[in-house]
Amino acid sequence: MLKERFTDIAAMQISLRKIHESPKPFKITENGIACSGSFRRTGKHIVLIEGTLKGELELVCDRCGSSFMAPIDESFAIEVVDRPVKVEESLDMIECLDGIVDFNSICKSEITAIQSEYHLCPKCEDDEDFEIEI
């Protein structure tokens with residue numbers, strides 16, 4: 001039985017041209033969030049990164065403004081390209097014109113995207129008598 005070997009280092013950056021078509025697993029921990037998955041080349045200028053984010057993340061309630069910890073288990077799929085991209089092509093695409101795929105930056109970006117979504121703390125989720133004064 002083969003053991004799955006993860007690439008697990010503090011600052012993970014790989015040259016896009018060195019990534020092969022066979023999937024390679026990775027695992028990064030960013031601010032207590034485990035970011036793991038695999039990456040592979042899908043075209044001459046395209047690398048596909050598929051993974052999940054798991055852990056506890058500090059969020060801010062959009063109703064009362066208080067901070068709270070919440071469990072996350074989110075999957076993502078990102079295409080990384082080393083050429084300029086038109087906006088219509090894909091919203092899940094990242095340009096790396098220097099040819100370096102920065103996994104830490106991608107994981108941070110995915111965490112920030114989760115934090116920017118609409119969240120309610122447990123207290124506000126249970127409060128059905130919420131009113132807005134205009």
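One structure accompanies this document, and this report is about it. Just so we're clear, the structure is a prediction, and the values are computed from it rather than from any experiment. (Residues numbered from 1 in each chain as written. Predicted model: local features only at pLDDT ≥ 70, side-chain atom pairs only at ≥ 80, totals over all residues. Heavy atoms only, no water.)

## Re the sheet that holds strand β4 (residues 46-60)
What the five strands build is an open sheet, ordered β2-β3-β4-β5-β6; its pairing is mixed. Where the open sheet ends on each side, the last strands, each with one partner, are β2 (24-30) and β6 (93-95). Strand-to-strand twist of the sheet, defined as the mean angle between neighbouring strand axes without regard to direction, takes the value 35°. Looking at chain direction, β4 and strand β5 (residues 67-81) are connected through 15 bridges and run antiparallel. Bridged to Val60 within β5 is Ser67. The strands touched by helix α1 (residues 103-115) are β2, β3 (33-43), β4, β5 and β6; relative to β4, the strand with the most contacts, the crossing angle is about 50°. (Pairing = 2+ DSSP bridges. Helix = DSSP H or I, 4+ residues; strand = E, 2+ residues; numbered from the N terminus. Axes fitted to C-alpha atoms, helices over the stretch in contact; angles between N-to-C directions. Contact = heavy atoms within 4.5 Å.)

## Details of the packing of aromatic side chains
Tallying each qualifying case throughout the model produces three aromatic pairs. A ring pair is formed by Phe26 and Phe103, whose centres lie 5.1 Å apart and whose planes are at 50°; its orientation type is tilted. You can see Phe26 sitting in strand β2 and its partner Phe103 sitting in helix α1, a full 77 residues away along the chain. Phe26 sits in the buried class, given a relative accessible area of 0%. By the ring-pair criterion, three or more aromatic residues cluster together here, those being Phe26, Phe39 and Phe103. (Phe/Tyr/Trp six-rings, centres within 6.5 Å; stacked < 30°, edge-to-face > 60°. Buried < 20%, exposed > 50% of the residue type's maximum accessible area, 1.4 Å probe, protein only.)

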